[in-house]
Amino acid sequence: MTKSYKVLKELTRGTNVPSTELALAIYSIKYLSEQTKHFSHKLDLQALIQNPSSVKEKLIEMFRLIENEFPDFNNVYSCLEIPWNIVENKLLFDIFLTLENDHELNYSLLINEIQTDIGLNHRRDLATHTTPLFIQELMISLLNIQNESSFYDGTAGFGGLLIEADHQNKNKNINFFGQEFNPNAWAMGKLFLLLSGIKNVQYAYGNTISHPAFFEDKQLKRFDYIAMSMPFGVSLYPNEKEQIENDPYDRFIYGRVPQKNADMAYVQHALSSSTGKGRVVLLVTNGTLFRGGSEAAIRKTLIDMDQIESIILLSENVLYHTAIPINILVLNKNKSLDKKGKIQFIKADHLFKSRKKQKYLTQEHIEEIVDLVENPNDQESFSKTINTSYVGDNLLVSKHIKNDKAVIEGEGTYKILFDKLENDSSHTLKFGEIGKLYKGLNTTPQNSSEEKNGKFKIIKMSDVHDGKIQVEKLSNISFKANMKIDPYVVKEGDILISSRGHAQKVAVVPSHDGTLVLSHNFIAIRPNKDIVDSGFLQMYLDSPVGRFTLSDLASGTSLPVLSAKDLETAALYLPKLSVQQSVVNIYRNAQRDYEEQLKKAQYQLKTAKDLAYKDSGLTSLFELIE
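The text that follows walks through the structure, step by step, so that each part is easy to find. Bear in mind the structure is a predicted one, so any value in this text is a computation, not a measurement.

## Here we look at the nonpolar core
Counting residues in hydrophobic clusters, the biggest one holds 92 residues, and the most contacted among them are F151, I312 and I328. When neighbours within four sequence positions are excluded, I328 is seen to be in contact with L138, M139, L142, V281, L282, L283, S310, I311, I312 and L314. Counting 41 residues, the second largest nonpolar core, distinct from the first, contains A204, I226, I244 and I343.

## Examining the pattern of salt bridges
Under the counting rule described, the total for this entry stands at 23 salt bridges. Measuring nitrogen to oxygen at the nearest pair gives 3.2 Å for the salt bridge that ties E34 to K30. Of this pair, E34 and K30 both sit in helix 2 (residues 19-35), four residues apart, which is roughly one turn of that helix. Residue classification places E34 among the partly exposed residues on the basis of a relative accessible area of 40%.

## Brief notes about the sheet that holds strand 19 (residues 456-459)
Within the open sheet, the four strands sit side by side as 18-22-19-25. Their pairing is mixed. Strands at the two margins of the open sheet, each flanked by one partner only, are strand 18 (448-450) and strand 25 (515-518). Neighbouring strand axes in the sheet, compared pairwise and without regard to direction, differ in orientation by 45° on average.

## Considerations on the environment of L282
Inspection of the secondary structure assignment puts L282 in strand 7 (residues 280-285). Considered as a pair, L282 and P258 are 24 residues apart in the sequence and their alpha carbons are 19 Å apart. Setting aside residues no more than four positions away along its own chain, L282 makes contact with M139, M228, M230, V267, A270, N327, I328, L329 and L331.

## A word on the packing of aromatic side chains
Under the criterion given, the structure shown has 15 aromatic pairs. Plain terms: the ring middles of F70 and F73 are 6.5 Å apart, the flat faces sit at 70° to each other, and that makes the pair edge-to-face. Like F70, the residue F73 is buried in the burial classification. Summarising the aromatic geometry, the rings of F214 and F223 are spaced 6.2 Å apart at their centres and angled 90° between planes, so their arrangement reads as edge-to-face. Classification of F214 as buried rests on a relative accessible area of 9%. Of the aromatic side chains, those joined through ring pairs into one cluster are Y152, F177, F214 and F223. Cation over ring: K190 sits above F73, and NZ or CZ is 5.7 Å from the ring centre. Positioned above the aromatic ring of Y360 is the side chain of R355, whose terminal nitrogen or guanidinium carbon lies 4.3 Å from the ring centre.

## A closer look at the side chain of T428
For T428, the location among the structural elements is in strand 16 (residues 428-430). In contact with T428, other than residues within four places in its own chain, are L421, A571 and L572.

## A short note on the sheet that holds strand 7
Here we have nine strands laid out as an open sheet, ordered 3-2-1-6-7-9-8-10-13, and mixed in their pairing. Lying at the two open borders of the sheet, with one neighbouring strand each, are strand 3 (201-205) and strand 13 (383-387). For this sheet the average axis-to-axis angle between neighbouring strands, irrespective of direction, equals 15°. Note: strand 8 (residues 308-313) against strand 9 (residues 326-331), five bridges, orientation antiparallel. Bridging from a neighbouring strand, I308 pairs with L331 of strand 9. Helix 10 (residues 160-168) contacts strand 1 (149-153), strand 2 (174-180), strand 3 and strand 6 (225-229) of the sheet and is inclined by roughly 170° relative to strand 2. Strands in contact with helix 13 (residues 263-272) are strand 1, strand 6, strand 7 and strand 9; relative to strand 7, the strand with the most contacts, it is inclined by about 175°.

## Observations concerning the environment of K199
Along the chain, K199 turns up in the loop between helix 11 (183-196) and strand 3. Given the relative accessible area of 58%, K199 is considered exposed. When the C-alpha positions of K199 and E57 are compared, they lie 31 Å apart, and in sequence the two are 142 residues distant.

## Describing the packing of helix 9 (residues 133-143) against helix 10
Where helix 9 contacts helix 10, the axes come no closer than 9 Å and their chain directions differ by 60°. One element, helix 9, and the other, helix 10, form an angle in the oblique class. Crossing geometry of helix 9 relative to helix 10 is assigned as right-handed. Along the contact surface, helix 9 presents Q136, E137, M139, I140 and S141, while helix 10 presents G160, L161, E164, A165 and Q168. Taken together, the residues that form the contact of helix 9 with helix 10 break down as four nonpolar, four polar and two charged.

Definitions and limits used
Residues numbered from 1 in each chain as written. Predicted model: local features only at pLDDT ≥ 70, side-chain atom pairs only at ≥ 80, totals over all residues. Heavy atoms only, no water. Core = buried A, V, L, I, M, F, W, Y, C linked by side-chain atoms within 4.5 Å. Buried < 20%, exposed > 50% of the residue type's maximum accessible area, 1.4 Å probe, protein only. Contact = heavy atoms within 4.5 Å. Salt bridge = Lys/Arg side-chain N within 4 Å of Asp/Glu carboxyl O. Helix = DSSP H or I, 4+ residues; strand = E, 2+ residues; numbered from the N terminus. Pairing = 2+ DSSP bridges. Axes fitted to C-alpha atoms, helices over the stretch in contact; angles between N-to-C directions. Phe/Tyr/Trp six-rings, centres within 6.5 Å; stacked < 30°, edge-to-face > 60°. Lys NZ or Arg CZ within 6 Å of the ring centre and 35° of its normal. Parallel < 35°, antiparallel > 145°, perpendicular 65-115°, else oblique. Left-handed = near helix turned anticlockwise from the far one by under 90°. Nonpolar A, V, L, I, M, F, W, Y, C, P; charged D, E, K, R; others polar.

Written as structure tokens, this is what we have:
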């Protein structure tokens, strides 16, 4: 770590002084004193530390001079969130004294250290504005920026993608543009860009969606190459929603943006800002790729217009501020002839190394992904190119590249033979063809209450253990008089499947008294008894292929959710009913024998333990009371 930055961190540790903002402000003074000959006499560091009791006053005056001298830095230091009232002169004196003697300062290395430090030290308020360096490198490498062009980042944060784009293209004539909405992040970005020495850069403050900053001939300016690490899952303010619906720049022509998830506003803005000369590379969550409603309609439009080139799934825990898996969405208005009418899916979530809890990509990983995008070729469980007419509106990589492995704890790892399942038409049916699927009821304090004398019993996730419903432990519940309960009442033989979370639970409704109601955490199948045996269906869903099917169908950014609609169209292997019943009888007899032997073994172990207690004299020290 850079000597002076290490000292600064040590001096600010235990205080409420933000080391990152302070470091950028102080290093910018040193940088400008070295780079601006006509102004350097006003930024004399030696004069700054001549009087230890007035360092802060002189430093703040230097900030004012810089903002007045350089219009591009107007309000930069004012926007930095530094509580100057608690910053002591002694602290600043010690920092500048160290900085004065730091003669081997490498600003490029310093920028990397500070940005990495922000993420790894979990300053969540800042980590959302920066992307790990390896992801920046991957995104910019995917652009393959050519000479005499422009580059744009509309959600630029600390300017990391701008700096990386410049770093990879030092010998090219490129104009750089960026915009950031958060004032502190914008100010820090300005100073990061200053320290990087990047030329030909315009970095504006403002809301990219409601107030885009760059225009040309009174029209929204367009750029040759675009990369953006978009904010995830942000909601639109009512005025933003209205502005989008009446956008004077016609950016949102691909579809209506939902108010609760503005991801597609950034996707459409990025595409509308592209000249079509090069790619648009965006960092997106799984939700952006599979959510329904108007977002699905936008994805369908992008597919129909053939503007999606590649989708790359990366591992979870590669970002600083969230553990969810993320994707790189590669858009292209002018795909090469060999890529037209196709979308490439790359499942790169296995490409990572780990450092403590943080995952990262190596240089080899980055090169492997970039080469695969430039030279597409199908590789089992890794890369697959699909004709757009077969894609549908769900663009999750895991939907199109199946992991053919199923791991069952205590049993082993199984390879699923998809070809046999899909091609055996004599034994393959859809779940929707074997019975009626229905969802559980979402109980709320407004429509129900758990009470001792409730007329109904509710089946919750916690009531299912080891494939059995603990009927005797179900909670009683009452519903409001106007509630329609019948669609959620289970019958003997129904199959319950957990629909939320990572733990898969499957159970058959046993013979019971009273009325049992299914909660919203389940999907149920009421099987046609002429086609399928309930016991066999449970056994199938507990098998490697059944578990894989349920896991593969579930989708979600952090909490997997299984939808009844997806389950209806999924395939399952179903032998003749007589075969089902025969194997179920054999299995149940074996299970009954196992349980009896287990009880016998547990009794023998308990007897041996009691005897050991007696023979050792321990029984004189305690007595059984219940």
